[in-house]
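Analysis of the macromolecular model
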Amino acid sequence: MLTPRKTLGSLLASLTLAAALAPAPALALGEPGHEGETGADSDANGTISASARNSRIKITQVSGPTGGNTGNISSTDVNWEPPPCWYEPAFTPEQLKEFSETNGQGDVSPHVAWYGEKLWTDHYRDRQDATNWHDDELSTAKGYDNYNLGQDGYFWRGVAPDNTDPESWDCDRVMFWQDAGEIPDVPNAPTPEILAEYAYDKVKVPDTEIELKPEAKSTVNAPTWVWLDKGTFKEVKVRAELPNTGLWAETTAKPIALHLEPGTDDAETFPSSGDCAINDDGSIGTPYKTGDAGKIPPCGIRYLRATNGEPYELSASVTWEITWEGAGGDGGDLPNGTFETTQDMNVQEIQSINR
């Protein structure tokens, strides 16, 4: 006997051809995006795809770099993953009526695409029951009367950024009604922590451009000083908001350490761990100054063997401490993140002159 998920998989296979012949159109929900990033596949007019793979969560960068090269951090916890799915308000009654009766092609859950006007109007207009595919079992979703026109609230739908993730099936209830100002009492309802975790993947931090002395070429057995001037690294804060829920969270990444990897075993780092602390003013190490030759730098490298045509790749990665706060006074920690850049290092032998 097939399980509900396997049965649904067969159903979706039969819908593939229909999906190819009638691609889902865009749905205008009237929620313009924030400056920077909208958190969904949308254009400048706030048009959002009818796909349940796209979230309406809005992302705004509150502080951090606004120019130059940036990138996303990688979690230091190899087991950490962003939330696989959650529920969001998708339609008002009026929006659902217009959508259902003009095109009706879209998703009612992350894994169920209803193609054709009749399939939407049967359940949401004409009170016909539908089948809920969720939590490894089937249940009956009672039909609605004329899209609940005249009532104040929203039809909520599961959202799964990656609907190939097995855990995304946990949000597969067909769209359901919730009165305005209320969060549904269902598993995987949105929370400030879910918004904070969603924002984690949206944090962009600057490239690690370290200062070196000597700049162009190091010398075997002579220390190379590494430092960053104060204020180079500042915290990055990203705000995530879910419209029509009152839910928000701000995820903050604070730089706490620089780690050096020389690119060869024939080298030693200062300190020996390769971890240079980031000071409160955003500086790292101490700038080289005249008279420092021969001294051991607080942050640096000493190469023990010269390069031979192929430079070493010096890796500099910054560790970012991640915290969050959100609606209702919630807050906490998320796994630290790292961002790495590399640069070529040429190392020469000490030249001596015999007299």
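Residues numbered from 1 in each chain as written. Predicted model: local features only at pLDDT ≥ 70, side-chain atom pairs only at ≥ 80, totals over all residues. Heavy atoms only, no water.

Let's shift gears to the sheet that holds strand S16 (residues 223-227). Spatially, 4 strands are ordered S14-S16-S21-S19 in an open sheet, and the strand pairing comes out antiparallel. Of all strands in the sheet, those bounded by a partner on one side alone are strand S14 (211-213) and strand S19 (267-270). Taking each pair of neighbouring strands and ignoring which way they run, the sheet shows an average axis angle of 20°. Relative to strand S21 (residues 300-303), S19 runs antiparallel, the two sharing 4 bridges. (Pairing = 2+ DSSP bridges. Helix = DSSP H or I, 4+ residues; strand = E, 2+ residues; numbered from the N terminus. Axes fitted to C-alpha atoms, helices over the stretch in contact; angles between N-to-C directions.)

Moving on to the sheet that holds strand S6 (residues 86-91). Note: strands within a sheet are paired through backbone hydrogen bonds, in either parallel or antiparallel orientation. Here 3 strands make up an open sheet; going across it, the order is S6-S11-S12 and the pairing antiparallel. The sheet is open, and its two borders are formed by S6 and strand S12 (176-179), each paired with just one other strand. Looking at each pair of strands side by side, their axes are set apart by 45° on average, direction ignored. Where helix H2 (residues 93-102) meets the sheet, it contacts S6, strand S11 (153-159) and S12, and its direction lies at approximately 75° from that of S6. (Contact = heavy atoms within 4.5 Å.)

With that settled, the discussion passes to the side chain of Asp292. Its place among the elements puts Asp292 in the loop between strand S20 (275-277) and S21. In this structure the side chain of Asp292 is engaged in a polar contact, spanning 3.0 Å, whose partner is the backbone nitrogen of Lys289. Residue contacts for Asp292: discarding those within four places in its chain leaves Trp225 and Pro287. (Polar contact = N/O pair within 3.5 Å; in protein donor to acceptor, adjacent residues only side chain to side chain.)

A word on the nonpolar core. Formed by 48 residues in total, the largest nonpolar core has its most connected members in Ile57, Ile210, Leu258, Leu260, Ile284, Tyr303 and Trp320. Those elements giving two or more residues to this core turn out to be helix H4 (192-200), strand S17 (236-242), strand S18 (247-261), S21, strand S22 (312-326) and strand S23 (331-345). Looking at which element gives the most residues to this core, the answer is S22, with 7 residues. For Ile284, the contacting residues outside a window of four places in its chain are Val226, Trp227, Leu228, Phe233, Leu258, Cys276, Ala277, Ile278, Asn279 and Cys299. Counting 28 residues, the second largest nonpolar core, distinct from the first, contains Tyr147, Phe155, Cys171 and Val174. (Core = buried A, V, L, I, M, F, W, Y, C linked by side-chain atoms within 4.5 Å. Buried < 20%, exposed > 50% of the residue type's maximum accessible area, 1.4 Å probe, protein only.)

Taken together, Glu209, Glu211, Glu215 and Asp229 make up a surface patch of like negative charges. Relative to the helices and strands, Glu209 is located in the loop between strand S13 (204-206) and S14. (Patch = residues over 30% accessible without salt bridge, like charges linked within 9 Å, V, L, I, M, F, W, Y side chains within 5 Å. Areas by Shrake-Rupley, 256 points an atom, 1.4 Å probe, with all protein chains shown as cover. Salt bridge = Lys/Arg side-chain N within 4 Å of Asp/Glu carboxyl O. Lys, Arg positive; Asp, Glu negative; His and termini not counted. Charge placed at Lys NZ, Arg CZ, Asp CG, Glu CD.)

A few words now on the state of the cysteines. Evaluated as defined, the whole model comprises 2 disulfides. Shown here is the disulfide that connects Cys85 with Cys171, its sulfur atoms set 2.1 Å apart. Here the S-S torsion is close to 75°, and the disulfide linking Cys85 with Cys171 is therefore right-handed. Of this pair, Cys85 sits in the loop between strand S5 (74-75) and S6 while Cys171 is found in the loop between S11 and S12, placing the two residues 86 residues apart along the sequence. Of the residues examined, Cys85 reaches a relative accessible area of 2% and is grouped as buried. Between the sulfur of Cys276 and that of Cys299 lies a disulfide, 2.1 Å long from S to S. Its S-S torsion of about 90° marks the bond between Cys276 and Cys299 as right-handed, since a negative value means left-handed. Separated by 23 residues along the polypeptide, Cys276 in strand S20 and Cys299 in the loop between S20 and S21 bring together distant segments of the chain. Taken individually, Cys276 and Cys299 each receive the classification buried, so the pair is uniform in this respect. (Disulfide = S-S within 2.5 Å.)

What follows covers the pattern of salt bridges. By the definition in use, this model includes 12 salt bridges. Notably, a salt bridge pairs Arg239 with Glu250, separated by 3.0 Å at the nearest N-O pair. Of this pair, Arg239 sits in strand S17 while Glu250 is found in strand S18, placing the two residues 11 residues apart along the sequence. The partly exposed category is assigned to Arg239, whose relative accessible area is 21%. Of the residues examined, Glu250 reaches a relative accessible area of 12% and is grouped as buried. One salt bridge connects Lys289 with Asp292, and the closest N-O pair in it is separated by 3.8 Å. The class of Asp292 is buried, set by a relative accessible area of 2%. One salt-bridge network, in which partners are shared between bridges, spans Lys97, Glu101, Arg125 and Asp126.

This paragraph deals with the packing of aromatic side chains. Here a ring pair, both rings aromatic, is described through the centre-centre distance and the interplanar angle of the planes. Evaluation of the coordinates by the stated rule reveals 13 aromatic pairs. Aromatic side chains Phe91 and Phe99 sit 5.4 Å apart centroid to centroid with 35° between the ring planes, which places their arrangement in the tilted category. According to the relative accessible area criterion, Phe91 is buried, its value standing at 1%. Judged by relative accessible area, Phe99 falls into the buried class, the value being 3%. With centroids separated by 6.2 Å and ring planes inclined at 70°, the aromatic side chains of Phe91 and Trp120 adopt a geometry described as edge-to-face. (Phe/Tyr/Trp six-rings, centres within 6.5 Å; stacked < 30°, edge-to-face > 60°.)

Moving on, we come to the pairing of S21. Burial of S21 is two-sided: the residues Gly300 and Arg302 facing one way and the residues Ile301 and Tyr303 facing the other way are all buried. Both S16 and S21 contribute to a ladder of 3 bridges, which runs antiparallel. Directly across from Trp225, in S21, lies its bridge partner Gly300.

Structurally, the position occupied by Thr219 is in strand S15 (residues 218-219). Accessibility expressed as a relative area gives 19% for Thr219, which makes it buried. In contact with Thr219, other than residues within four places in its own chain, are Tyr303, Val347, Gln348, Glu349 and Ile350.

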